[in-house]
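The primary structure of each chain is shown beneath.
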Amino acid sequence: MDIEPMGDSQHSKEEAWSDAESTKTPSYYGSGPLSGPLSRKPVTGKKTARFNVTGSTTSNASGSADEYVEITLDIRDDAVLMHNMDGTVQEKRLSSIGSVLSGRISGRLRTMVKSSSFSSRRFDRLDRSKSGAAFAMKGLKFITKNDAVGNGCGGWEEVDKRFGELAVEGKLPKSKFGQCIGIMESEEFVNALFDALARRRGITSSFITKSELFEFWEEITDKSFDARLQIFFDMVDKNLDGRITEEEVKEIIALSASANKLSKIQERVEEYTALIMEELDRDNLGYIELHNLETLLIQAPSQSAHVSSATNSRVLLSQMLSQKLVPTKEKNPITKYAKSFAYFVSENRKRIWVLALWISICVGLFTWKFVQYKDRAVFDVMGYCVTVAKGGAETTKLNMALILFPVCRNTITWLRTKTKLGSIVPFDDNINFHKVIAFGIAIGVGLHAISHLTCDFPRLLHATDAEYEPMKKFFGEKRPNNYWWFVKGTEGWTGVAMVVLMTVAYVLAQPWFRRNRVNLPQTLKRLTGFNAFWYSHHLFVIVYALFIVHGYFLYLSKEWYKKTTWMYLAIPMLLYACERLIRAFRSGYKTVKILKVAVYPGNVLSLHMSKPKGFKYTSGQYIFVNCSDVSPFQWHPFSITSAPGDDYISIHIRTLGDWTSQLRDVFFKVCRSPSADESEFVGTDITQARNIPRLPKLLIDGPYGAPAQDYRNYDVLLLVGLGIGATPLISIIKDVINNIKTQKSIEDGSGNDHKNAKKHFATKRVYFYWVTREQGSFEWFREVMNEVAEYDTDRIIELHNYCTSVYEEGDARSALITMLQSLHHAKNGVDIVSGTRVRTHFARPNWRSVFKHVAVNHVDQRIGVFYCGRPSLTGELRRLSQDFSRKTTTKFEFHKENF
């Protein structure tokens, strides 16, 4: 199809087409090279522009000759005269000339124009390489897979259905447009998209018909890069003159930043606008055009599209690995479940044998006590109720003793560090085992209390004189006359008090109460939260005292050697008491001096403290912190974010609960000046900025062992952190950096600890993936990121930051952010999202691709996978570790940090 200018339309000097260019096809859309001159108001008189449009079709099946259609468009101001082949003339009036070529060209002509658009000479000069074009095609999607999946956007049928639900008197309001097409978020962006599509059709109303919506939908879902680029361009080019001014660039940057919740970019809109204009407006014309955006989208990625031979081999290996990882369906269900069971046992062998041992001992004790009381005289009166009650009591004694071991942190740290028991005992699951034992106590107490209160005591009250005769030596000569007799006795009230206190502690320890997830009235809400959990848990002192008393004053056992409760508890209680004494003594002389205080976006409090004399720790460990200004009794655990080689200790605290919020408020009140507001306290080094009369006193206790400290057992690490869960992993990163610095100083001849450096520097490769929701989160560890970029010249550490508030790469809502990110990083070496030298990825990682990337790079090696964050990702990472370990020669060993 050829479109030839036939009228006397005037063009500016810089836009005039040469004769050679006149045979090329300009855009048919409402903006760009063609629409700019056409939509400009004429200088003098009435001007027209006439075009001959000739289309051809291929020969049909019968071999007939090609058919030709010639249509003449006579454009006069805001009217279009269509001269048909039969001599008739049709007039169409629109509000803008740009809308003629985009909104009212229909049928065969629309298809022909679409197929030949964007082929002007200056576009052809671009290198549309395969890699560049592929990148660009992924970079401007208005309907992404997330929109489709999340909102049921399965095509026009779904949109049509929603139109019927949302339309008002047969027309769809602009406010419902996003919901109708399946984009529920980014209201400002959706409105801009609606306005761009409406402008090209001369639609000034805020309502559209179904046919207009269908035209909108066709363009939005058009898979061609040129069509997507034009829509994006028109969202900025609000006057349809084919040019984007500096002010319009500023608006679209602000719009994109708002849609992606990037507040830092919004604050620097003018700077980034100047950067784009400097890059794209090389002639200082004051505007940019459509081909400039195309250059940025296609040419930039093409420049870095070089693929080395080594990369080619890895690509091939990756393809082979993908084929190998395709799930195979096992037809035999028995074989299928047998394999799954074998894999499960292999992955959880340490947990299984410990739980099996514990369950076996509990069952054995229950059975032993059950049989013992079945042969006694009380069985004739109370029956199986007494045997169940005594069996439950015996397991409760064991579990009340065992539940103290998992919280003896000094003992566990010593055992995992100084002994080989870590190879057979899952010390990392100490808190989980503590919870399992608590559940066992709940079962034992339930069996014991329910059997006594609902069965044993009523049966004894209703026993005959003959049946009661053997019971006199236990309950006295005079038979109890009512139920209250049992409750008010020492055995009764101690038992009831214990059940009440245990129930309170157990309920408040549940996540929905401990993390304030339950919607309760304000008066009741104050009784929940971490403080409530902490104080209720320390009721265990009273519970253990009552438990010993209850175990001594027994109804059915009078000999001292049969009162075994104290025997079960003696050693565990002594061990726990020693633990608390050690912690109290050690923390007493571990008062630390606060060196730096800062509060970062996301309500993260950063504390840098002096390192006490003789304080040694390993990256990945944690300490307990006490602040008497908040609570003289509470100690809270926090991962250490500094490295062992640093001359200070640092922790980062996310202020989510009541205690952490109070801690932040204490520092805020002390550190701020009388005239300062809260914003001045955010992201600043307060202690260096002002003279602080008295900072809150901090005590620390530790360090204590954690799963992440085992990173030294692996040469290759895959570290995954979610939000503030990155804290123990940052310590590992800093430790590796310090080792890199030491290694470099030795190579330069300035270091003298050659043997120790070689001994400890075992890590050969680190992959760090940090996923966070907010842009401001990257400020937490900005210094660490920049240190890695500066010192890690050998690329030992591979950093990947992900910001989930930004739409995935490929979404039109983040397209401009992607372009701006590339420009700014290329010019200044700093990422606009994180503010560091590390490029930020958008949305969430594809974890299967992450594991494949590591597996391809490290064949026949053991990879230590360390994860810290919310439990939601634990299952997926564990399954991927197992899947890749089974189907590849790379073995992934998964470790989850308690969070």
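This structure is a prediction, so every number in the text was calculated from the model and none was measured. (Residues numbered from 1 in each chain as written. Predicted model: local features only at pLDDT ≥ 70, side-chain atom pairs only at ≥ 80, totals over all residues. Heavy atoms only, no water.)

## Remarks on the pairing of strand 22 (residues 891-896)
Then, in step 1: Of the strand pairs in this sheet, strand 21 (residues 862-868) and strand 22 are connected by six bridges, and their pairing is parallel. When the sheet's bridge partners are listed, Phe866 is paired in strand 22 with His895. (Pairing = 2+ DSSP bridges. Helix = DSSP H or I, 4+ residues; strand = E, 2+ residues; numbered from the N terminus.)

## Focus: unusual backbone geometry
Then, in step 1: The peptide bond linking Gly702 to Pro703 adopts the cis configuration, its omega dihedral lying at 5°.
Then, in step 2: Tracing the sequence through the fold places Pro703 in strand 16 (residues 698-704).
Then, in step 3: Positioned with a positive phi, Ala843 is a non-glycine residue whose angle comes to about 60°.
Then, in step 4: For Asp860, which is not a glycine, the phi torsion comes out positive at approximately 60°.
Then, in step 5: By the secondary structure assignment, Asp860 is in the loop between helix 38 (847-857) and strand 21.
Then, in step 6: Owing to a relative accessible area of 58%, Asp860 belongs among the exposed residues under this scheme. (Buried < 20%, exposed > 50% of the residue type's maximum accessible area, 1.4 Å probe, protein only.)

## Some points on the sheet that holds strand 12 (residues 604-610)
Then, in step 1: Across the sheet, which stays open at both edges, the three strands sit in the order 11-12-15 with antiparallel pairing between neighbours. Each edge of the open sheet carries a strand with a single partner, namely strand 11 (594-600) and strand 15 (648-654). Strand-to-strand twist in this sheet, taken as the mean axis angle between neighbours without regard to direction, amounts to 15°. (Axes fitted to C-alpha atoms, helices over the stretch in contact; angles between N-to-C directions.)

## Some thoughts on the pairing of strand 16
Then, in step 1: Counting buried positions along strand 16 gives seven out of seven residues, so the element sits mostly inside the fold.
Then, in step 2: Pairing geometry for strand 10 (residues 591-592) and strand 16, over two bridges, is antiparallel. Directly across from Val592, in strand 16, lies its bridge partner Leu698.
Then, in step 3: As paired strands, strand 13 (residues 622-627) and strand 16 are joined by five bridges and run antiparallel to one another.

## Here's the deal with the environment of Asp860
Then, in step 1: Between the C-alpha atom of Asp860 and that of Thr889, which follows or precedes it by 29 residues, the distance is 4.9 Å.
Then, in step 2: For Asp860, the contacting residues outside a window of four places in its chain are Thr889 and Thr890.
Then, in step 3: A distance of 3.0 Å separates polar atoms of two side chains, one belonging to Asp860 and the other to Thr889. (Contact = heavy atoms within 4.5 Å. Polar contact = N/O pair within 3.5 Å; in protein donor to acceptor, adjacent residues only side chain to side chain.)

## Here we look at the packing of helix 14 (residues 269-280) against helix 37 (residues 815-828)
Then, in step 1: Put simply, helix 14 and helix 37 touch, their axes get as near as 10 Å, and they point 80° apart. The orientation of helix 14 with respect to helix 37, classified from their angle, is roughly perpendicular. Contacts from Glu271, Tyr272, Leu275, Ile276, Glu278 and Glu279 in helix 14 reach Leu816, Leu820, Leu823, His824 and Lys827 in helix 37. (Parallel < 35°, antiparallel > 145°, perpendicular 65-115°, else oblique.)

## Some details on the pattern of salt bridges
Then, in step 1: The final tally for this structure, using the stated rule, is 24 salt bridges.
Then, in step 2: One salt bridge connects Lys827 with Glu278, and the closest N-O pair in it is separated by 2.9 Å. Of the two residues, Lys827 is situated in helix 37 and Glu278 in helix 14; the sequence distance between them amounts to 549 residues.
Then, in step 3: A relative accessible area of 46% places Glu278 in the partly exposed class.
Then, in step 4: As a salt-bridge pair, Asp665 and Arg664 come within 3.9 Å of each other at their nearest N and O atoms.
Then, in step 5: According to the relative accessible area criterion, Arg664 is buried, its value standing at 7%. (Salt bridge = Lys/Arg side-chain N within 4 Å of Asp/Glu carboxyl O.)

## A look at the side chain of Glu212
Then, in step 1: Looking at where Glu212 falls in the secondary structure, it is placed in helix 10 (residues 210-220).
Then, in step 2: Taking relative accessible area as the criterion, Glu212 reaches 19% and is therefore assigned buried.
Then, in step 3: If we ignore the near neighbours within four places in the chain, the residues touching Glu212 are Ile203 and Phe207.

## What about the packing of aromatic side chains?
Then, in step 1: Across all of its chains, the model carries 27 aromatic pairs by this definition.
Then, in step 2: Here the aromatic rings of Phe370 and Tyr384 are separated by 5.9 Å at their centres, their planes lie at 20°, and the arrangement is stacked. Here the residue Phe370 occupies a position in helix 18 (residues 349-374), and Tyr384 occupies one in helix 20 (residues 384-402), the gap between them amounting to 14 residues.
Then, in step 3: Looking at Tyr384, the relative accessible area reads 45%, which means it is partly exposed.
Then, in step 4: For the pair Tyr769 and Trp847, a centre-to-centre distance of 6.1 Å together with 65° between the ring planes defines the contact as edge-to-face. (Phe/Tyr/Trp six-rings, centres within 6.5 Å; stacked < 30°, edge-to-face > 60°.)

## Here's the deal with the sheet that holds strand 22
Then, in step 1: In spatial order, the strands read 20-19-18-17-21-22; together these six strands make up an open sheet with parallel pairing. Strands at the two margins of the open sheet, each flanked by one partner only, are strand 20 (840-842) and strand 22. Strand-to-strand twist in this sheet, taken as the mean axis angle between neighbours without regard to direction, amounts to 20°.
Then, in step 2: Pairing of strand 18 (residues 765-772) with strand 19 (residues 797-803), which is carried by seven bridges, proceeds in the parallel orientation. Bridged to Tyr769 within strand 19 is His800.
Then, in step 3: Those strands touched by helix 36 (residues 782-791) are strand 18 and strand 19, and its axis lies near 140° from that of strand 19.
Then, in step 4: Of the strands in this sheet, strand 17 (716-722), strand 21 and strand 22 touch helix 39 (residues 874-887), which is tilted by about 160° from strand 22.

## Describing a nonpolar patch on the surface
Then, in step 1: Taken together, Trp353, Leu357, Ile361, Leu421 and Ile424 make up a surface patch of nonpolar side chains, about 420 Å² in accessible area.
Then, in step 2: Its place among the elements puts Trp353 in helix 18. (Patch = residues over 30% accessible without salt bridge, like charges linked within 9 Å, V, L, I, M, F, W, Y side chains within 5 Å. Areas by Shrake-Rupley, 256 points an atom, 1.4 Å probe, with all protein chains shown as cover.)

## Focus: helix 7 (residues 156-166)
Then, in step 1: Residues of helix 7 that are buried: Trp156, Val159, Arg162, Phe163 and Leu166. Burial along helix 7 is one-sided: seen end-on, the buried residues are contained in an arc of 125°. Turned more than 90 degrees away from the buried face of helix 7, the exposed residues are Glu157, Lys161, Gly164 and Glu165. (Arc of directions from axis to C-beta.)

## Observations concerning the state of the cysteines
Put plainly, two cysteines are in a disulfide when a covalent bond ties their sulfur atoms together.
Then, in step 1: The final tally for this structure, using the stated rule, is one disulfide.
Then, in step 2: In this model Cys385 forms its disulfide with Cys455; the gap between the sulfur atoms is 1.7 Å. Disulfide Cys385-Cys455: the torsion about the S-S bond is 60°, which places it as right-handed. Of this pair, Cys385 sits in helix 20 while Cys455 sits in helix 22 (residues 430-461), and the two are 70 residues apart along the sequence. Across the pair, exposure class does not vary: Cys385 and Cys455 are buried alike. (Disulfide = S-S within 2.5 Å.)

## Topic: helix 37
Then, in step 1: Between its first and last C-alpha atoms helix 37 spans 20 Å; for 14 residues at 1.5 Å apiece the expected length is 20 Å, and the two agree.
Then, in step 2: Inspection of helix 37 places Ala815, Leu816, Ile817, Thr818, Met819, Leu820, Gln821, Leu823 and His824 among the buried residues, and these make up the whole buried set.
Then, in step 3: At the C-terminal side of helix 37, Gly829 shows a positive phi close to 75°. (Expected span 1.5 Å × (residues − 1).)

## Here we look at the packing of helix 20 against helix 30 (residues 540-552)
Then, in step 1: Here helix 20 crosses helix 30 at 145°, and the two axes come no closer than 12 Å. Considering how the two elements wind past one another, helix 20 and helix 30 form a crossing that is left-handed. Across from Thr396, Lys397 and Met400 in helix 20, the residues of helix 30 making contact are Val543, Tyr544 and Phe547.
Then, in step 2: Residues that form the contact of helix 20 with helix 30 fall into these classes: four nonpolar, one polar and one charged. (Left-handed = near helix turned anticlockwise from the far one by under 90°. Nonpolar A, V, L, I, M, F, W, Y, C, P; charged D, E, K, R; others polar.)

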